[in-house]
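So you can see what is in the structure, the chains are spelled out below.
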Amino acid sequence: MKTSKNVIEKTKKETAKNINQGDCVYLKNQEELFQVLGIDNAYEKCWVREWPLNANGSPVFEISIKQVSPNQ
């Protein structure tokens, strides 16, 4: 039987391209840059906002980790 620690570690290793909170990334099929605000590895989702911030703020939205490409 696997412990929950092993399951969590495995999930983290499978997270696409080691995306971390605070990273600036591109979304697939988008030219704009986005900042990662939070990550939920269990559900393979993350929360991002457009970067740099707009003067009136940038809306935060949830997206699948599979739709994120690291900034390289």
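All values reported here derive from a predicted model rather than from experimental measurement.

## Structural notes on the nonpolar core
Logical step 1: Membership of the largest hydrophobic core is limited to ten residues, which are I19, V25, L27, F34, V36, C46, V48, I63, I65 and V68.
Logical step 2: Those elements giving two or more residues to this core turn out to be β1 (24–27), β2 (33–40) and β3 (45–51).
Logical step 3: In this structure F34 touches D23, C24, V25, L27, V48, R49, E50, W51 and F61, once residues within four positions along its chain are discounted.

## Description of the environment of E44
Logical step 1: Relative to the helices and strands, E44 resides in the loop between β2 and β3.
Logical step 2: E44 sits in the partly exposed class, given a relative accessible area of 37%.
Logical step 3: For the pair formed by E44 and K66, sequence separation is 22 residues and the distance between their alpha carbons is 7.6 Å.
Logical step 4: E44 has contacts with I63, S64, I65 and K66, leaving out every residue within four places of it along the chain.

## Describing the pairing of β3
Taken residue by residue, a regular strand's side chains alternate between the two faces of the sheet.
Logical step 1: Relative to β3, β2 runs antiparallel, the two being bridged by seven bridges. Bridging across to β3, F34 finds its partner in E50.
Logical step 2: Connecting the antiparallel pair β2 and β3 is a turn made up of four residues, with E44 showing a positive phi of about 55°.
Logical step 3: Inspection of the sheet shows β3 paired to strand β4 (residues 60–64) by five bridges, in the antiparallel sense. Bridge pairing links K45 to S64 in β4.

## Concerning the pairing of β2
Logical step 1: Pairing between β1 and β2: three bridges, direction antiparallel. Note on β2: the bridge partner recorded for C24 is Q35.
Logical step 2: In this antiparallel pair of consecutive strands, β1 and β2, the connection spans five residues, and N29 shows a positive phi of 65°.

## What about the packing of aromatic side chains?
Logical step 1: Applying the stated criterion across every chain yields a total of one aromatic pair.
Logical step 2: Ring centres 5.7 Å apart and planes at 85° place the aromatic pair F34 and F61 in the edge-to-face group. Here F34, found in strand β2, pairs with F61, found in strand β4; they are 27 residues apart in sequence, far enough to count as distant.
Logical step 3: Note on F34: relative accessible area 5%, which makes it buried.
Logical step 4: With a relative accessible area of 32%, F61 lands in the partly exposed category.

Calculation rules
- Residues numbered from 1 in each chain as written.
- Predicted model: local features only at pLDDT ≥ 70, side-chain atom pairs only at ≥ 80, totals over all residues.
- Heavy atoms only, no water.
- Core = buried A, V, L, I, M, F, W, Y, C linked by side-chain atoms within 4.5 Å.
- Buried < 20%, exposed > 50% of the residue type's maximum accessible area, 1.4 Å probe, protein only.
- Helix = DSSP H or I, 4+ residues; strand = E, 2+ residues; numbered from the N terminus.
- Contact = heavy atoms within 4.5 Å.
- Pairing = 2+ DSSP bridges.
- Phe/Tyr/Trp six-rings, centres within 6.5 Å; stacked < 30°, edge-to-face > 60°.

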